[in-house]
Amino acid sequence: MVARDWDGLAATLAPDVVRNGPYRDDHRERDAYVAFLRDTFEWMRDYEMRVARRFTDGEGRVCVELSETVTLDGKRLRTDEAIVFDVDETHGVITRVQVFLQRSYEP
């Protein structure tokens, strides 16, 4: 995502990936989800992502705690979040993405 390599990102997703977003911005298909991300990144300025930690349950579920920071209306805005990925380890693709946000704030 940071590199905006949408084809590379799409290659990591199952065709029928399910994405559950924090604002009921859900998607149920790879191309729709990638298009959503592409459109979202068009308005983001000075985007930064910092990964705090990653962990797995050993059964195909991975959690990544991270922060995203963007410039919005001339101010820096940081949002801390956790993203949970369900991974089909047989095929090496993500089948589900769940995004959990905390409150955004000026760093």
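Below is a short write-up of the structure.

### Some details on the pairing of strand 4 (residues 75-88)
Examined bridge by bridge, strand 3 (residues 61-72) and strand 4 share 12 bridges and lie antiparallel to one another. Bridge pairing links Val64 to Ile83 in strand 4. Connecting strand 3 to the antiparallel partner strand 4 that follows it, the hairpin turn spans 2 residues, and Asp73 within it adopts a positive phi of roughly 55°. Bridge count for strand 4 against strand 5 (residues 93-105) is 10 bridges, and the pairing is antiparallel.

### A few points about the environment of Thr12
Mapped onto the fold, Thr12 is located in the loop between helix 1 (6-11) and strand 1 (13-20). When neighbours within four sequence positions are excluded, Thr12 is seen to be in contact with Gly92, Val93 and Ile94.

### Quick notes on helix 2 (residues 30-43)
Here helix 2 is 14 residues long and its end C-alpha atoms lie 21 Å apart, about the 20 Å a rise of 1.5 Å per residue gives. For helix 2, the full list of buried residues reads Tyr33, Val34, Leu37, Thr40 and Phe41. Along the long axis of helix 2, the arc covered by the buried residues comes to 125°, so they all point the same way. Within helix 2, the exposed residues directed more than 90 degrees away from the buried face are Asp31 and Glu42. Check the buried side of helix 2 and you find it contacts helix 1, strand 1, strand 2 (45-56) and strand 5. Structurally, the start of helix 2 carries an N-cap: the backbone nitrogen of Asp31 is 3.1 Å from a side-chain oxygen of Glu29.

### Description of the packing of aromatic side chains
To describe a pair of aromatic rings, you give the distance between the ring centres and the angle between the ring planes. In total, this model carries 2 aromatic pairs according to the counting rule given. Site record: aromatic cluster; members linked through ring pairs are Trp6, Phe41 and Tyr47.

### Let's talk about the environment of Tyr105
Counting through the fold element by element, Tyr105 comes out in strand 5. Judged by its relative accessible area of 33%, Tyr105 is partly exposed. Residues Tyr105 and Asp88, 17 residues apart in the sequence, show an inter-C-alpha distance of 35 Å. Here the side chain of Tyr105 touches Asp80 through a polar contact of 3.3 Å, side chain to side chain.

### A closer look at the pattern of salt bridges
Under the criterion given, the structure shown has 6 salt bridges. Taking the shortest distance from any N to any O, the salt bridge between Arg50 and Glu48 comes out at 3.2 Å. By relative accessible area, Glu48 is classed as partly exposed at 32%. Among the ionic pairs, Arg76 bridges to Glu48, the shortest N-O distance being 3.0 Å.

Basis of the calculations
Residues numbered from 1 in each chain as written. Predicted model: local features only at pLDDT ≥ 70, side-chain atom pairs only at ≥ 80, totals over all residues. Heavy atoms only, no water. Pairing = 2+ DSSP bridges. Helix = DSSP H or I, 4+ residues; strand = E, 2+ residues; numbered from the N terminus. Contact = heavy atoms within 4.5 Å. Expected span 1.5 Å × (residues − 1). Buried < 20%, exposed > 50% of the residue type's maximum accessible area, 1.4 Å probe, protein only. Arc of directions from axis to C-beta. Polar contact = N/O pair within 3.5 Å; in protein donor to acceptor, adjacent residues only side chain to side chain. Phe/Tyr/Trp six-rings, centres within 6.5 Å; stacked < 30°, edge-to-face > 60°. Salt bridge = Lys/Arg side-chain N within 4 Å of Asp/Glu carboxyl O.

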